Amino acid sequence: KNEVEQSPQNLTAQEGEFITINCSYSVGISALHWLQQHPGGGIVSLFMLSSGKKKHGRLIATINIQEKHSSLHITASHPRDSAVYICAGDFSPSGTYKYIFGTGTRLKVLA
Amino acid sequence: EPEVTQTPSHQVTQMGQEVILRCVPISNHLYFYWYRQILGQKVEFLVSFYNNEISEKSEIFDDQFSVERPDGSNFTLKIRSTKLEDSAMYFCASSELLAGRKSYNEQFFGPGTRLTVL
């Protein structure tokens, strides 16, 4: 069965802290999509990665396909980073084009 | 930059009424999807659509749901007789055909339609 799990479910940090959110998945993934969801509900794409590492500003995403694990890091966190972060797996090698979503990590950064 | 658009942003309806949620996918994309997110829960797949037919659907997507591409740009989700438990955020997404430049299926999401059934 294609599954995606995220941890932690909730995370509170002080401004400036380094934050890590983890995502693990079952076999058959070709890539992982990291998404951000703000209180209004809209989904914003952060990274799609199938190997290695990607960086954009203070956000870094890494993936280890063999270990079936990906991490999203936020350096020098800021209150405006407060949002729900979601990972979604592309299981197209299994013959399905739908995404399987993790439960999301609710991040709150305090000033 | 091209984006997926959805209308309306909010829809309030009475139980038993029909609703149609509309999406305009990115113009050169060929795969289309509907997902939903009940408040406080994770995003769930409803249906995918390719070449004018349903490619895959989940067990949520029962006979009350239907999808259509009525013209060259719109992609719609119809709920025939809404129930209270249909209240959710509905997201449309689209992607290019998998073959070709990419080895993975990157989906682009619309801003969502919040459906409230009273």
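Quick caveat, the model's predicted, so the values are computed rather than measured. (Residues numbered from 1 in each chain as written. Chains lettered and ligands numbered in written order. Predicted model: local features only at pLDDT ≥ 70, side-chain atom pairs only at ≥ 80, totals over all residues. Heavy atoms only, no water.)

Chemist: Provide a residue-level description of the interface of chain B and chain A, including the pertinent values.
Modeler: Of the residues lining the interface, 19 residues belong to chain B; the matching set on chain A comes to 22 residues. Across the interface of chain B and chain A, roughly 1,800 Å² is buried in total on both sides, 59% from carbon and sulfur atoms. Interface area lost by chain B to chain A is led by K42(B), Y104(B) and F109(B), which between them contribute 28%. Where chain B touches chain A, the interface holds one salt bridge. Close ionic contact of E56(B) with K98(A) constitutes a salt bridge, the shortest N to O distance being 3.3 Å. Viewed at the interface, chain A and chain B are joined by ten residue pairs in polar contact (both at pLDDT 80 or more). (Contact = heavy atoms within 4.5 Å. Buried area = accessible area lost by both parts, 1.4 Å probe. Salt bridge = Lys/Arg side-chain N within 4 Å of Asp/Glu carboxyl O. Polar contact = N/O pair within 3.5 Å; in protein donor to acceptor, adjacent residues only side chain to side chain.)

Chemist: So, the nonpolar core: which residues are in play, and what are the values?
Modeler: Membership of the largest hydrophobic core comes to 24 residues, with the highest contact counts inside it found for L32(A), W34(A), L72(A) and Y85(A). The set of elements that each furnish at least two residues to this core consists of β3 (19-25), β4 (31-37), β5 (43-49), β7 (59-64), β8 (69-74), β9 (83-90) and β11 (105-110) of chain A. With four residues, the top contributor of residues to this core is β3(A). Not counting chain neighbours up to four residues away, the residues in contact with Y85(A) comprise Q6(A), I21(A), L35(A), Q36(A), L46(A), L72(A), I74(A), G104(A), T105(A) and L107(A). Residues V19(B), I26(B), L46(B) and A88(B) belong to the second largest nonpolar core, which totals 22 residues. (Core = buried A, V, L, I, M, F, W, Y, C linked by side-chain atoms within 4.5 Å. Buried < 20%, exposed > 50% of the residue type's maximum accessible area, 1.4 Å probe, protein only. Helix = DSSP H or I, 4+ residues; strand = E, 2+ residues; numbered from the N terminus.)

Chemist: Break down the sheet that holds strand β3 (residues 19-24) of chain B for me, citing the residues and quoting the values.
Modeler: Residue and element names in this part refer to chain B. Spatially, four strands are ordered β1-β3-β8-β7 in an open sheet, and the strand pairing comes out antiparallel. The strands lining the two open edges of the sheet, one partner per strand, are β1 (5-7) and β7 (65-68). Each adjacent strand pair in this sheet contributes to an overall mean axis angle of 20°, direction not counted. Where β1 meets β3, three bridges bridge the pair, whose relative direction is antiparallel. For Q6, the partnering residue across the bridge sits in β3 and is C23. (Pairing = 2+ DSSP bridges. Axes fitted to C-alpha atoms, helices over the stretch in contact; angles between N-to-C directions.)

Chemist: Pulling in residues and values, what's your account of the packing of aromatic side chains?
Modeler: Taken as a whole and assessed by the stated rule, the structure comprises 14 aromatic pairs over all chains. With centroids separated by 6.0 Å and ring planes inclined at 45°, the aromatic side chains of Y99(A) and F109(B) adopt a geometry described as tilted. Taken together, the residues Y99(A) in strand β10 (residues 99-101) and F109(B) in strand β10 (residues 108-109) connect one chain to another. The exposure class of Y99(A) is buried, given its relative accessible area of 1%. (Phe/Tyr/Trp six-rings, centres within 6.5 Å; stacked < 30°, edge-to-face > 60°.)

Chemist: I'd love a proper account of the state of the cysteines, names of residues and values included.
Modeler: Applying the stated criterion across every chain, the model contains two disulfides over all chains. Residue C23(A) pairs covalently with C87(A) via a disulfide, S to S 2.1 Å. In this structure, the disulfide formed by C23(A) and C87(A) twists by about 85° around the S-S bond and is classed as right-handed. Taken together, the residues C23(A) in strand β3 and C87(A) in strand β9 connect sequence positions 64 residues apart. Considered together, C23(A) and C87(A) belong to a single accessibility category, that of buried residues. With a sulfur-sulfur separation of 1.9 Å, C23(B) is cross-linked through a disulfide to C92(B). When the S-S torsion is -65°, as for the bridge of C23(B) with C92(B), the disulfide is left-handed. In this pair, C23(B) sits in strand β3 while C92(B) sits in strand β9 (residues 88-95), placing the two residues 69 residues apart along the sequence. Residue C23(B) is classed as buried on the basis of its relative accessible area, which comes to 0%. (Disulfide = S-S within 2.5 Å.)

Chemist: How would you sum up the pattern of salt bridges? Please name residues and give values.
Modeler: Note that side chains of opposite charge can pair when their charged atoms are close. Residues and elements named next belong to chain A. One pass over the full model with this rule turns up three salt bridges over all chains. R58 is paired through a salt bridge with D81; the nearest N and O atoms lie 2.8 Å apart. One end of the pair, R58, is in the loop between β6 (52-56) and β7; the other, D81, is in the loop between β8 and β9, and 23 residues separate them in sequence.

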